[in-house]
Amino acid sequence: MALKSVDQIVVGNEQSEGVGARVRRTIGSYSLRRLDPFLFLDEFKGEWPNGFPDHPHRGFETVSYLLKGAFQHEDFTGAAGLLEAGDVQWMTAGRGIVHSEIPGKNAGPVWGLQLWVNLKAKDKMVEPRYQEKKAKNIPRGEKDGVSVAVIAGESMGVKSPVQTLTPAYYLDFTIEPGCSFTQDVPQGWNSSLYVVQGSVTINSAKKVNVHELAVFSIDGTKISMSNAATSSEPVKLILIAGQPLNEPVVQHGPFVLTNEEDLMKTFDDYQKGKNGFEKAPGWKSKQGTEALKARGKQGRDL
Ligand code: FJH
Ligand code: FE
C-alpha cells in the first residue's frame, strides 16, 4: 500500500496560554485550525507556578504526556495526581470536568505535551474518566535502533491497553542516527508527526525539524521515518493519527460541541454548576489557588 505524502509543515511558535504559561501550538494554531479529530497539540515548557489553574472542559478528551519534571492535577471531585516523566494521562472530559494543571512545585523545569481529541456527538456527554499510565507500564517495542512507547494504538506488534472513544494512535518514537522505521496507519485517517528533538526525514525526502509538525495526506497507509546517518543525536517524535469524525465543531475555548444550542446549554450548565460541572461538597481549589497566589506575590505579568 501507498506511502502517505506530506501535505503541510506547521511550525510550533511560542504563545501565551493559561496563566503565565508558554506553549508551542501546532494543531489549533492559525495555520492549522484543526486536524479532525484533533483540536489542539501543545508543547509546554515552564515551571511552577505558571500553568493552567481551575478551568472546565466538555465534549472531548485531553492527553497529557510528560517528558521531563512533574505536573500536578486536581479536579472538582477532589481527584488529584502527579504525572512524572514518561507518564501519560488520557482524560475523557465528556460531559464535564473542572480542574487545574500546574507544574510540580519543586519539580524544576517541566516539559510536556497535551493533545485534545474530539469526541463524536454521541459520546460528548459520557461520564468523565481518567486512564493514567506510569512510564514503566506503557508497552514498548524496539527494533534496529528504533524504539516506540505505544501510548495508544499499535506499533511493532505491541498494543496499548488505553481505550480511546475516538479511534486514535499516539506513538512516541526514538530513532538513532542511521536508523529508520515505517509505521502503518489505517487508510482514511488523519495523521501527523511532531518532532520534539532532532530532525527526521520522511519518505526519504522531506526533512522535518524540532518543533515542527508534518501533516500527512488522508490517503495511503504508511509513514516512513528515518534519522540521517550523519546526525549527531537520536530523533524523538510523536506520531498522532485518528479517524476523522466528519461532524460539525462548535467550539468556545474549552467547550467543544456540535451545535450552537448545545454550546449555549454548556455555558448555562457551567454557570450553574450542573450536568457535569458540580463541585463536590466542601470542595475548594488548592493547587490552582496556591499557584495563582504565588504568582501574585512574585508580581509577574499575566
Ligand atoms: C485564566 N485561566 C485562561 C486560562 C486558560 C486555561 C488551554 C490550555 C494545556 C496544556 C499544554 C501542554 C501541557 C504538559 C501537560 C497542558 C491548553 C499540558 C490548551 C487551552 C484553551 C486554564 C486556565 C486559565 O492545558 O499539561 O504539557 N493546554 C488550550 N487553556 C487553559 O487550560 C485564563 C485566568
Ligand atoms: Fe485542562
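See the structure shown above.
Residues numbered from 1 in each chain as written. Chains lettered and ligands numbered in written order. Predicted model: local features only at pLDDT ≥ 70, side-chain atom pairs only at ≥ 80, totals over all residues. Heavy atoms only, no water.

1. Overview of the packing of aromatic side chains
Consideration 1: The final tally for this structure, using the stated rule, is 12 aromatic pairs.
Consideration 2: With centroids separated by 4.6 Å and ring planes inclined at 90°, the aromatic side chains of Phe-40 and Trp-116 adopt a geometry described as edge-to-face. Residue Phe-40 is located in strand E4 (residues 38-46), and its partner Trp-116 is located in strand E11 (residues 110-118); the two are separated by 76 residues in the primary sequence.
Consideration 3: Residue classification places Phe-40 among the buried positions, given a relative accessible area of 15%.
Consideration 4: Centroid distance Phe-44 to Phe-71: 5.4 Å. Interplanar angle 85°. Geometry classified as edge-to-face. Taken together, the residues span a long stretch of sequence, with Phe-44 in strand E4 and Phe-71 in strand E7 (residues 70-75) at a distance of 27 residues. This pair shows no difference in class: Phe-44 is buried, exactly as Phe-71 is.
Consideration 5: An aromatic cluster of three or more residues is present, and its members are Phe-255, Phe-267, Tyr-270 and Phe-277.
Consideration 6: The ring of Trp-111 has Lys-45 sitting right over it, with the charged end atom 4.5 Å from the ring centre. (Phe/Tyr/Trp six-rings, centres within 6.5 Å; stacked < 30°, edge-to-face > 60°. Helix = DSSP H or I, 4+ residues; strand = E, 2+ residues; numbered from the N terminus. Buried < 20%, exposed > 50% of the residue type's maximum accessible area, 1.4 Å probe, protein only. Lys NZ or Arg CZ within 6 Å of the ring centre and 35° of its normal.)

2. Section: the coordination of the iron ion (ligand 2)
Consideration 1: In this structure, His-55 (NE2), His-57 (NE2), His-99 (NE2) and Glu-101 (OE) serve as the protein donors to the iron ion (ligand 2), at separations of 2.1 Å.
Consideration 2: Coordination at the iron ion (ligand 2) is irregular: its four donor atoms span angles of 83 to 173° at the metal.
Consideration 3: For the iron ion (ligand 2), the single-chain donor residues occur in sequence as H-x1-H-x41-H-x1-E. Within this pair, whereas His-55 is found in strand E5 (residues 52-57), its partner His-99 is found in strand E10 (residues 97-103), the two being separated by 44 residues in sequence. Exposure class is identical for His-55 and His-99. Each is buried. (Donors = N, O, S within 2.8 Å, 3.2 Å for Na, K, Ca; no water. Tetrahedral: all angles 85-135°; square planar, octahedral: opposite > 155°, others 65-115°.)

3. Some remarks on the site of ligand 1
Consideration 1: Around ligand 1, a shell composed of 15 residues is seen, among which Glu-17, Asp-42, Gly-112, Gln-114 and Trp-116 lie nearest.
Consideration 2: The contact in question runs from an oxygen atom of ligand 1 to an N or O atom on the backbone of Gly-112, over 3.4 Å.
Consideration 3: A distance of 3.1 Å separates an oxygen atom of ligand 1 from a polar side-chain atom of Gln-114.
Consideration 4: Protein chains bury 79% of the 700 Å² of accessible surface belonging to ligand 1 in isolation.
Consideration 5: Contributing elements (two or more residues each) for the shell around ligand 1: E4, E5 and E11.
Consideration 6: Looking at the shell around ligand 1, the element that brings in the most residues is E11, giving four residues.
Consideration 7: For the shell around ligand 1, the class distribution of residues is eight nonpolar, four polar and three charged. (Near = heavy atom within 4 Å. Polar contact = N/O pair within 3.5 Å; in protein donor to acceptor, adjacent residues only side chain to side chain. Areas by Shrake-Rupley, 256 points an atom, 1.4 Å probe, with all protein chains shown as cover. Nonpolar A, V, L, I, M, F, W, Y, C, P; charged D, E, K, R; others polar.)

4. As for the sheet that holds strand E20 (residues 200-202)
Consideration 1: Strand order in this open sheet of four strands is E18-E23-E20-E21, and the pairing throughout is antiparallel. Only two strands of the sheet have a single partner each, and these edge strands are strand E18 (180-184) and strand E21 (206-208). Taking each pair of neighbouring strands and ignoring which way they run, the sheet shows an average axis angle of 30°.
Consideration 2: Summarising the sheet, E18 and strand E23 (residues 222-226) pair through five bridges and their orientation is antiparallel. What sits directly across from Asp-184, in E23, is Lys-222. (Pairing = 2+ DSSP bridges. Axes fitted to C-alpha atoms, helices over the stretch in contact; angles between N-to-C directions.)

Without other data, these values stay purely geometric and don't point to any function.
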